[in-house]
Structures are given as C-alpha cells and as structure tokens.
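Take a look at the letters that make up each chain.
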Amino acid sequence: AEVNHREIEKTLVSEEEVKQIVQRLGDEISSHYGVLEKELMVIGLLRGSFIFMADLIRVIKTPLVVDFLTVSSYGDGTESSGDVKVVMDLDSSVEDRDVLLVEDIVDTGRTFAKVITMMKKRNPKSLKICTFLNKPAARITEVQIDFCGVDIPNEFAVGYGLDFAQNYRNLPYVGVLKT
Ligand code: PRP
Ligand code: MN
Ligand code: MG
C-alpha cells in the first residue's frame, strides 16, 4: 500500500511551544470568564480544531460544555476555496449562552467570518473567538480575534490538527512540508 507522506522541512511551533501557548490561552480565557451563570459553551470547528480543543479545555478553569461544528473550505487542496460549507451543525442551542469559538488557524479569515455571521443570528449572550495559529499575511476578510495563540508566516502549515489532504493532523508540533 502507498502512503502519501512528505517530509517536514522545518518546525514552526515546537511541541514545547505548543504547551506554553495552550497554557497561556487557558489562563487568559479563565480569567476573562471566571465562573458564569451558565457554563461557557466552547465550540470547536472540525476537523482542524480537535486536538487544540482537547488540550485547551483541559486548562480552562471556567466550567464549560463543548459542541462541534463541521465546516470545510479547503477540501484537499492548499488554497481556500472561499466557499465555506457547513457540513454538520451544532447539536445544542447557543441562544443566550456565552460562546467561545475555537479554531486551529485563521488564514484568509473566511471560515471564521462565515461562522461568526451564522452564530450571531442565533443570539448568543456573548461571542468570542480563539485560534491557536494566526496567519495575518493571508487575510482577505477581517476578523477580530479575542484569544490568539501565535502568529505564523505565510506558509502552508501542517500538524497539531492541521492537514494537507487530510494527512499530518497527528503531528505533535506545527511544521512546513518539503516541496
Ligand atoms: C482550515 C482550518 C481553518 C480554515 C482556516 O480548515 O482548519 O478552519 O481552514 O482558513 P481560512 O481562514 O482561510 O478560512 P479546512 O477547510 O481545511 O477544513 P479542516 O478543518 O477539516 O481541515
Ligand atoms: Mn478547519
Ligand atoms: Mg484542512
């Protein structure tokens, strides 16, 4: 059988840095929300956010519940299609809830822009966004990030949830593929 695997050219965020960034974000989020009237609703955007979500929620002290929304714009390519599709919606209602949206990366900003518009129509009590990676040089649609992990250069990143054609999500660090 053939496995579609290329080597990693360089590391963008090491495993140790991942740990430090996640802890810092957990502290920021915990002190921002404290303890709420109802649990914080942490919503992960699948599939990319699942590893970051798992680590992040374990360092948030605010009582919380989780839900997931599956959206896709990149398909199997390296270019955002700009056409963001909701593949699977949330299970729970966000109405009158404090909502924190969690992403692995904000690249062009189109995914978050679309999801934020969609979420606002559902009348959450508050809506904030958190991303592990931010790629400011690739931005097409402005999005206000409330909790930001780390800025990276305009290169195609894989690992820690991020894929290339669905591969490499399991790398414990973030790297760039050899071309
Ligand atoms: C990737 C990534 C973000 C989005 C960021 O998802 O996980 O969700 O693209 O790009 P943008 O800011 O340009 O919209 P993708 O569509 O590849 O789906 P995936 O999470 O299943 O990998
Ligand atoms: Mn994604
Ligand atoms: Mg992807």
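Residues numbered from 1 in each chain as written. Chains lettered and ligands numbered in written order. Predicted model: local features only at pLDDT ≥ 70, side-chain atom pairs only at ≥ 80, totals over all residues.

(A) Local environment of the overall build of the protein. Of regular secondary structure, the protein possesses three helices and nine strands. Taken from N to C terminus, the helices and strands of the protein fall in the order β-α-β-α-β-β-β-α-β-β-β-β. Taken against the 2.2 N^0.38 rule, which gives 16 Å for 179 residues, the C-alpha radius of gyration of the protein at 16 Å falls within 12% of a compact globule. For the C-alpha atoms alone, the extent of the protein along its principal axes is close to 50 × 35 × 35 Å. (Helix = DSSP H or I, 4+ residues; strand = E, 2+ residues; numbered from the N terminus. Rg over C-alpha atoms; globule rule 2.2 N^0.38 Å.)

(B) Molecular detail of the sheet that holds strand β8 (residues 157-158). Read across the open sheet, the three strands follow the order β1-β9-β8; overall the sheet is antiparallel. Each of the sheet's edge strands pairs with one partner strand only, and the pair in question is β1 (8-13) and β8. Strand direction decides the pairing type here: β1 and strand β9 (residues 174-177), joined by four bridges, are antiparallel. Looking at the pairing, I8 lines up with L177 of β9. (Pairing = 2+ DSSP bridges.)

(C) Quick look at the pairing of strand β3 (residues 64-72). Pairing analysis gives seven bridges linking strand β2 (residues 40-46) to β3, with the strands arranged parallel. Bridge pairing in β3 links L46 to T70. With three bridges joining them, β3 and strand β4 (residues 85-88) adopt antiparallel strand pairing. Pairing of S72 across the sheet is with K85, part of β4.

(D) Molecular detail of the sheet that holds strand β5 (residues 98-106). Within the open sheet, the six strands sit side by side as β4-β3-β2-β5-β6-β7. Their pairing is mixed. Looking along the sheet, the strands with just one partner apiece sit at the ends: β4 and β7 (147-151). Adjacent strand axes in the sheet meet at a mean angle of 30°, parallel and antiparallel pairs treated alike. In the packing of helix α1 (residues 15-33) onto the sheet, contacts are made with β2, β5, β6 (126-134) and β7, and the angle to β7 comes to roughly 160°. (Axes fitted to C-alpha atoms, helices over the stretch in contact; angles between N-to-C directions. Contact = placed C-beta atoms within 7 Å.)

(E) Region of interest: the pairing of β9. With two bridges connecting them, β8 and β9 associate as antiparallel partners. Paired with V158 across the two strands is G175, which belongs to β9.

(F) Structural context of the nonpolar core. Core analysis: the biggest nonpolar cluster contains 37 residues, and I43, L100, L101, V102 and A157 have the highest contact counts within it. It is β5 that contributes the most residues to this core, six residues altogether. Residues contacting V102, with those up to four places away along its chain left out, are V42, I43, G44, L45, S49, F52, M53, L56 and C130. (Core = buried A, V, L, I, M, F, W, Y, C linked by C-beta atoms within 7 Å. Buried ≥ 20, exposed ≤ 12 C-beta atoms within 10 Å, placed from the backbone.)

(G) Local environment of unusual backbone geometry. Here the amide bond leading from L46 into R47 is cis, since omega sits at 5°, within 30 degrees of zero. Mapped onto the fold, R47 is located in the loop between β2 and α2 (50-57). If you check the backbone angles, A165 has positive phi at about 50° while not being a glycine. For A165, the location among the structural elements is in the loop between β8 and β9. The residue Y168 is not glycine, and still its phi comes out positive at about 75°. On the secondary structure map, Y168 appears in the loop between β8 and β9.

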